[in-house]
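Each chain, written out:
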Amino acid sequence: MEPHNLSFYNLGIAPKMLEVLGKMKFVSPTPIQHKAIPLALEDKDLVGIAQTGTGKTLAFGIPMAQRLSAVGGMGLVLVPTRELAQQVDEALRQVLNPFNMHSAVLIGGASMGLQLKALRRRPHVIVATPGRLIDHIEQRTVNLHLVSILVLDEADRMFDMGFAPQVRQIIRMVPAKRQTLLFSATMPPDIVSLATQHMRLPVHVEVAPSGTAAERVTQELLIVKPEDKKQALRILLDQYRGSVLIFTRTKLGARKVARALENMRHNAAEIHSDRSMAQRKQALEGFKAGRHRILVATDIASRGIDVSGIELVINYDLPDDIENYVHRIGRTGRAGHEGHAVTFAGPDQASEVARIERMIRQSLKRGERPDMPTTEFHARVKSAGKRSFSPRGRFGRRRRRF
């Protein structure tokens, strides 16, 4: 259990920063902020494990801004996606601007000219995706010799996306004498190896076990045949009237679902790798502003969407990487709100569901919805609820069925 009534006042934060937080109406730190900020202010290397939506950006942003304003140097924040880079920068500006410090965002798909202009202003903090930062390094438009604080945000996601070589290359280019803060939702072996090789006796801070699902999110599993998914989606969207985030496995699937929603006369937008940076930004801003009630996304957005008030997350497809399940459903139930997540699974996907349940250390509630389209639905759900998802269960030797 985390302590209640946490306060920013006993964490070693300077009076001016406390004043800034007060103006921002930040009264109580989140658990990860409460644990990470004092350690970061002491110049310790840190590995922070926390589920998504727990305030990790300010957990490193507050000590970074305070330390840079006091002793100088430069901060570098590496993130896996463009959307996350923009959202991290937006949050950091709140604590940088009052100290007359500014940042630059270096991401693919955005104007190189504007990025060069931002770099010429000598930013105090650079927020970057690994690929675009390597581009700048190779073109000698950025110099990392002043980096005194390195942050690896969503480190597991960067490794999942194949950025490990670029991350290690960048680490070799920043000064050895630096502070390194690593934040991740999970702790796979690659991350352990990186921390061992490139961090100075890092302090491990964990506010939830690796792979833990968001506490305020209720989770439901629906057994739905692939050909019946659209009708099941129609029924769900009639039952939930708030904002909805739908995840598909592929970009083609996202396009098909978005078209189906249009035919249902729902106002929807889509985010995936075939959309330009401008299109993705427009879709996300429209979703935030309420112009689109529904956003359809692939896992490129599972950690890059920071929108409060999402009522429902629908896993239209199970994720390729089961760890993305936690990041997907963490888009709802944020900032103290309740949320709900519904996952569609086919009758032959019991083994994949079992892996998710082992990871989150709980069983998914089998939804009993007699209005769903498959005639076998009730019988399959009841049968699945009585069976164990143990590998030794009676599901056959190859594809396990509910």
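**With respect to the overall build of the protein chain**
Moving on, step 1. Helix and strand content of the protein chain: 15 helices and 14 strands.
Moving on, step 2. For the protein chain, the accessible surface area stands at approximately 18,100 Å², while carbon and sulfur atoms represent 49% of it.

**Considering the packing of helix α6 (residues 130–138) against helix α8 (residues 164–173)**
Moving on, step 1. Orientation of α6 relative to α8, taken along the N-to-C sense of each, is 45°, at an axis distance of 9 Å. Taken as axis vectors, α6 and α8 run oblique relative to one another. Judged by the sense of rotation from one axis to the other, the crossing of α6 with α8 is left-handed. Taken together, the residues of α8 that come into contact with α6 (itself represented by Pro130, Leu133, Ile134 and Ile137) are Gln166, Val167, Gln169, Ile170 and Met173.
Moving on, step 2. Among the residues making up the contact of α6 with α8, the classes are represented as 7 nonpolar, 2 polar and no charged.

**Structural notes on α8**
Moving on, step 1. For α8, the complete set of buried residues consists of Ala164, Val167, Ile170 and Ile171. End-on view of α8: buried residues confined to an arc of 125°, all on one side of the axis. Structural note: α8 exposes Pro165 and Arg172 on the side pointing more than 90 degrees away from its buried face.
Moving on, step 2. In this structure, the buried residues of α8 make contact with β2 (74–78), α6, β5 (147–152), α7 (155–160) and α9 (189–198).

**Section: the confidence of the model for the protein chain**
Moving on, step 1. With 85% of its residues at a pLDDT of at least 70, the protein chain reaches an overall mean of 84.
Moving on, step 2. Low confidence marks residues 373–401, where pLDDT is under 50. Its contacts with residues over four positions away, or in another chain, come to 58 contacts.

**A short note on the environment of leucine 237**
Moving on, step 1. Relative to the elements of secondary structure, leucine 237 occurs in helix α10 (residues 229–239).
Moving on, step 2. Linking leucine 237 and histidine 266, residues 29 residues apart in sequence, is a C-alpha distance of 9.0 Å.
Moving on, step 3. Sequence-distant contacts of leucine 237, that is, excluding residues within four places in its chain, are made with Val244, Leu261, His266, Arg293, Ile294 and Ile314.

**A closer look at the nonpolar core**
Moving on, step 1. One finds Ile13, Met17, Ile62, Val77 and Phe183 to be the most contacted residues of the largest nonpolar core, which totals 43 residues.
Moving on, step 2. It is helix α3 (residues 56–71) that contributes the most residues to this core, 7 residues altogether.
Moving on, step 3. By size, the runner-up hydrophobic cluster in this structure holds 31 residues, among which are Leu119, Ile134, Ile137 and Leu150.

**Describing the layout of surface pockets**
Moving on, step 1. Counted as a void, the second largest pocket has a volume near 530 Å³.
Moving on, step 2. Lining of the second largest pocket is provided by 21 residues; of these, Gln86, Asp89, Arg93, Val105 and Lys281 occupy positions nearest its centre.
Moving on, step 3. For the lining of the second largest pocket, the elements supplying multiple residues, two or more each, are α4 (82–96), β3 (103–106), α5 (112–120) and α12 (277–289).
Moving on, step 4. Ranked by the residues each element gives to the lining of the second largest pocket, the list is headed by α4, at 6 residues.
Moving on, step 5. Among the residues making up the lining of the second largest pocket, the classes are represented as 7 nonpolar, 5 polar and 9 charged.

**Considering helix α11 (residues 251–263)**
Moving on, step 1. Given a rise of 1.5 Å per residue, 13 residues ought to cover 18 Å, and the 19 Å separating the end C-alpha atoms of α11 matches this to within 8%.
Moving on, step 2. All of the buried residues in α11 are Gly253, Ala254, Val257, Ala258, Ala260 and Leu261. Take α11 and look down its axis: the buried residues cluster within an arc of 160°, on one side only. Of the residues in α11, the exposed ones pointing more than 90 degrees away from the buried face are Lys256 and Asn263.
Moving on, step 3. The secondary structure elements touched by the buried residues of α11 are α10, β9 (243–247), β10 (268–271) and β11 (294–297).
Moving on, step 4. Following α11 by one or two positions, arginine 265 adopts a phi angle in the positive range, close to 70°.

**Describing the pairing of strand β8 (residues 217–223)**
Moving on, step 1. Of all the 7 residues making up β8, 6 are buried; the element is thus mostly covered by neighbouring parts of the structure.
Moving on, step 2. As paired elements, β8 and strand β13 (residues 339–345) share 7 bridges and run parallel to each other. By the bridge assignment, glutamate 220 is partnered in β13 with valine 342.

**Topic: the sheet that holds β5**
Moving on, step 1. With parallel pairing, 7 strands are arranged side by side in an open sheet as β3-β4-β2-β5-β6-β1-β7. Because the sheet does not close on itself, it has two edges, and the strands there are β3 and β7 (203–206). On average, each strand axis in the sheet is tilted by 15° relative to the strand beside it, whichever way the strands run.

**With respect to the sheet that holds strand β14 (residues 365–366)**
Moving on, step 1. Within the open sheet, the 7 strands sit side by side as β10-β11-β9-β12-β13-β8-β14. Their pairing is parallel. The two strands at the open ends of the sheet, each matched to only one other strand, are β10 and β14.
Moving on, step 2. With 4 bridges connecting them, β10 and β11 associate as parallel partners. If you follow glutamate 270 over to β11, its bridge partner there is valine 296.
Moving on, step 3. On top of the sheet, α11 reaches β9, β10 and β11; it is set at about 160° to β11, its chief contact.

About the criteria used
Residues numbered from 1 in each chain as written. Predicted model: local features only at pLDDT ≥ 70, side-chain atom pairs only at ≥ 80, totals over all residues. Heavy atoms only, no water. Helix = DSSP H or I, 4+ residues; strand = E, 2+ residues; numbered from the N terminus. Areas by Shrake-Rupley, 256 points an atom, 1.4 Å probe, with all protein chains shown as cover. Axes fitted to C-alpha atoms, helices over the stretch in contact; angles between N-to-C directions. Parallel < 35°, antiparallel > 145°, perpendicular 65-115°, else oblique. Left-handed = near helix turned anticlockwise from the far one by under 90°. Contact = heavy atoms within 4.5 Å. Nonpolar A, V, L, I, M, F, W, Y, C, P; charged D, E, K, R; others polar. Buried < 20%, exposed > 50% of the residue type's maximum accessible area, 1.4 Å probe, protein only. Arc of directions from axis to C-beta. pLDDT = per-residue confidence, 0-100. Core = buried A, V, L, I, M, F, W, Y, C linked by side-chain atoms within 4.5 Å. 1 Å grid on protein atoms, 1.4 Å probe; cavity = no way out; pocket = protein on both sides within 12 Å on 5 of 7 lines; lining within 4 Å. Points joined across faces, edges and corners; volume = space filled by probe spheres on them. Expected span 1.5 Å × (residues − 1). Pairing = 2+ DSSP bridges.

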